[in-house]
Amino acid sequence: MAKILIVEDEAKIARFLELELKHEGYEVELAGDGRLGLEKALKNNVDLIVLDIMLPGLSGIEVCRRVRQESQVPIIMLTAKDDVTDKVAGLDIGADDYMTKPFAIEELLARIRVALNRKKQAVQPLTDVLQIGSLILNLKSHSAYYDKEELILTKKEYELLEYLIRNKNVALTREQLLNNVWDYEYFGDTNVVDVYIRYLRQKIDEKYGIHLITTVRGLGYIIKE
Ligand code: CA
């Protein structure tokens, strides 16, 4: 099972995360400040790091920067509410994802699954094709086919579909889709995700009478295999 390092100085939050992650079956390491966090991140062979930004000792940004000099381990940053500067800084120095506090634990768990999934894919040999049922994506030409018939998709529709399929069987939040498929200029406006999901459903689900994209109530969307 994956080992997750939590770097968080607020003992209550750290304890809560530890319990929830252990409950999900993860192995958990804790660090209460930036220096210890960095040390454990570099030494203990962890699979993923949940890293608070506001930390005593070394800030989360600094920890992330130094970890990145040596390792590509997935890092999910925790930022104070609405601090866009921190968020951008974190992503600039190589964090994989971020969450603003307070957050729903389900959402963090979903992001952890995506990050671990992505890490697994990264070490697999690259393939040019993704397939789910009769739907095939050609990753080189950015084209999609259903039963060998080419789908006419815009660039964004294709990118959204590819992201959903790469993370198949994982419920993705609207914010996650927005952050990974669109640029930051759309920050906060998740309506655009619903609009593009509708386009994809028109072009695939409705056209071929299948149920490809499922809505996860109160969260976002999922493509199940
Ligand atoms: Ca903190």
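Residues numbered from 1 in each chain as written. Predicted model: local features only at pLDDT ≥ 70, side-chain atom pairs only at ≥ 80, totals over all residues. Heavy atoms only, no water.

Turning our attention to the coordination of the calcium ion. Every protein donor of the calcium ion is listed here as Asp9 (OD), Asp52 (OD) and Met54 (O), and their distances to the metal cover 2.1 to 2.3 Å. Coordination of the calcium ion draws on donor residues from a single chain, spaced D-x42-D-x1-M in sequence. Within this pair, whereas Asp9 is found in the loop between strand E1 (3-7) and helix H1 (11-23), its partner Asp52 is found in strand E3 (residues 48-52), the two being separated by 43 residues in sequence. In this structure Asp52 comes out as buried when scored by relative accessible area, which is 3%. (Donors = N, O, S within 2.8 Å, 3.2 Å for Na, K, Ca; no water. Helix = DSSP H or I, 4+ residues; strand = E, 2+ residues; numbered from the N terminus. Buried < 20%, exposed > 50% of the residue type's maximum accessible area, 1.4 Å probe, protein only.)

Time to look at the sheet that holds strand E10 (residues 172-173). On the basis of which strands lie adjacent, the open sheet formed by three strands has the order E10-E12-E11 and antiparallel pairing. Strands with a single pairing partner mark the edges of an open sheet, and in this sheet they are E10 and strand E11 (213-216). Judged from the four bridges that link them, E11 and strand E12 (residues 220-223) form a sheet pairing that is antiparallel. By the bridge assignment for E12, Thr214 is matched with Ile222. Where helix H8 (residues 191-208) meets the sheet, it contacts E11 and E12, and its direction lies at approximately 145 degrees from that of E11. (Pairing = 2+ DSSP bridges. Contact = heavy atoms within 4.5 Å. Axes fitted to C-alpha atoms, helices over the stretch in contact; angles between N-to-C directions.)

To continue, consider helix H2 (residues 34-43). For H2, the full list of buried residues reads Gly34, Gly37, Leu38 and Ala41. Viewed end-on, H2 has its buried residues packed into an arc of 95 degrees, placing them on one side of the element. Opposite the packed face of H2, turned more than 90 degrees from it, sit the exposed residues Arg35 and Lys43. On the buried face of H2, the contacting elements are E1, strand E2 (27-31), E3 and helix H3 (60-70). One side-chain oxygen of the residue at the start of H2 lies 2.9 Å from the amide nitrogen of Arg35, identifying that residue as Asp33. Taken from the residues just after H2, Asn45 is the one with a positive phi, measuring 55 degrees. (Arc of directions from axis to C-beta. Polar contact = N/O pair within 3.5 Å; in protein donor to acceptor, adjacent residues only side chain to side chain.)

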